[in-house]
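What follows is each chain in one-letter form.
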Amino acid sequence: MCCAVLKEKRRKTTSLRSIRFYDRFSGRILKLAAGRAALGSAPRREPLVVAPDVRRALRGEPGAWARFEKLPVAYKRIRLGFIEGARGRPEIFATRLRYFVRMTARGKRYGMVRS
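Residues numbered from 1 in each chain as written. Predicted model: local features only at pLDDT ≥ 70, side-chain atom pairs only at ≥ 80, totals over all residues. Heavy atoms only, no water.

A short note on the overall build of the protein chain
Here is step 1 of the chain: If you tally the helices and strands in the protein chain, you get 6 helices and 0 strands.
Here is step 2 of the chain: Seen in sequence order, the protein chain has helices and strands lined up from the N terminus as α-α-α-α-α-α.
Here is step 3 of the chain: Expressed as a percentage of its 115 residues, the buried residues of the protein chain come to 22%.
Here is step 4 of the chain: Once local pairs closer than 6 in sequence are excluded, the contacts in the protein chain between residues at least 24 apart make up 59%.
Here is step 5 of the chain: On the protein chain, roughly 9,100 Å² of surface is accessible, and the fraction owed to carbon and sulfur atoms is 57%. (Helix = DSSP H or I, 4+ residues; strand = E, 2+ residues; numbered from the N terminus. Buried < 20%, exposed > 50% of the residue type's maximum accessible area, 1.4 Å probe, protein only. Contact = heavy atoms within 4.5 Å. Areas by Shrake-Rupley, 256 points an atom, 1.4 Å probe, with all protein chains shown as cover.)

Spelled out as structure tokens, the structure:
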């Protein structure tokens, strides 16, 4: 059924406020449907890749690698992305990596983490 016809039918029984809400909401639904159609199916995540130097640092600290493997994938992606973001700044990169390895070895997570 066309939106205009549906609106006309609804105008007779609903308030103007409800009609305005419906107009905004239906536009969002159409945008959502168009976005899903453009994507095809659900977006696929690339496999998590740990850089060789990060892997070496984690394996060099006792217990860090075993605890790292048990961390949630989303947390690993966020932390590794944060560390990799400083790759062009060696001092900051080293500091971030050192802190990540230390916290992981202790079994602690940091940042915006919900328990």
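Regarding a positive patch on the surface
Here is step 1 of the chain: Taken together, Arg-98, Arg-102, Arg-106 and Lys-108 make up a surface patch of like positive charges.
Here is step 2 of the chain: Topologically, Arg-102 is positioned in helix α6 (residues 90–106).
Here is step 3 of the chain: When its relative accessible area of 37% is taken as the criterion, Arg-102 is described as partly exposed. (Patch = residues over 30% accessible without salt bridge, like charges linked within 9 Å, V, L, I, M, F, W, Y side chains within 5 Å. Salt bridge = Lys/Arg side-chain N within 4 Å of Asp/Glu carboxyl O. Lys, Arg positive; Asp, Glu negative; His and termini not counted. Charge placed at Lys NZ, Arg CZ, Asp CG, Glu CD.)

Concerning the packing of helix α3 (residues 52–60) against α6
Here is step 1 of the chain: One can describe the packing of α3 onto α6 by two numbers: an axis separation of 9 Å at closest approach and a directional angle of 40°. If you check the angle between α3 and α6, you find them oblique. Where α3 crosses over α6, the two elements pack in a sense that is right-handed. Every residue of α6 that contacts α3 at Asp-53, Val-54, Ala-57 and Leu-58 is listed here: Phe-93, Leu-97, Phe-100, Val-101 and Thr-104. (Axes fitted to C-alpha atoms, helices over the stretch in contact; angles between N-to-C directions. Parallel < 35°, antiparallel > 145°, perpendicular 65-115°, else oblique. Left-handed = near helix turned anticlockwise from the far one by under 90°.)

A look at the pattern of salt bridges
Here is step 1 of the chain: Following the criterion strictly, the structure yields 2 salt bridges and no others.
Here is step 2 of the chain: Asp-53 is the salt-bridge partner of Arg-87, the closest N and O atoms lying 2.6 Å from each other. Residue Arg-87 is found in the loop between α5 (73–84) and α6, and its partner Asp-53 is found in helix α3; the two are separated by 34 residues along the sequence.
Here is step 3 of the chain: Residue Arg-87 is classed as partly exposed on the basis of its relative accessible area, which comes to 35%.
Here is step 4 of the chain: A salt bridge links Glu-84 to Arg-87, with the nearest nitrogen and oxygen atoms 2.7 Å apart.
Here is step 5 of the chain: Through salt bridges with shared partners, a single network forms among Asp-53, Glu-84 and Arg-87.

Function cannot be read off these values alone, since they describe shape.
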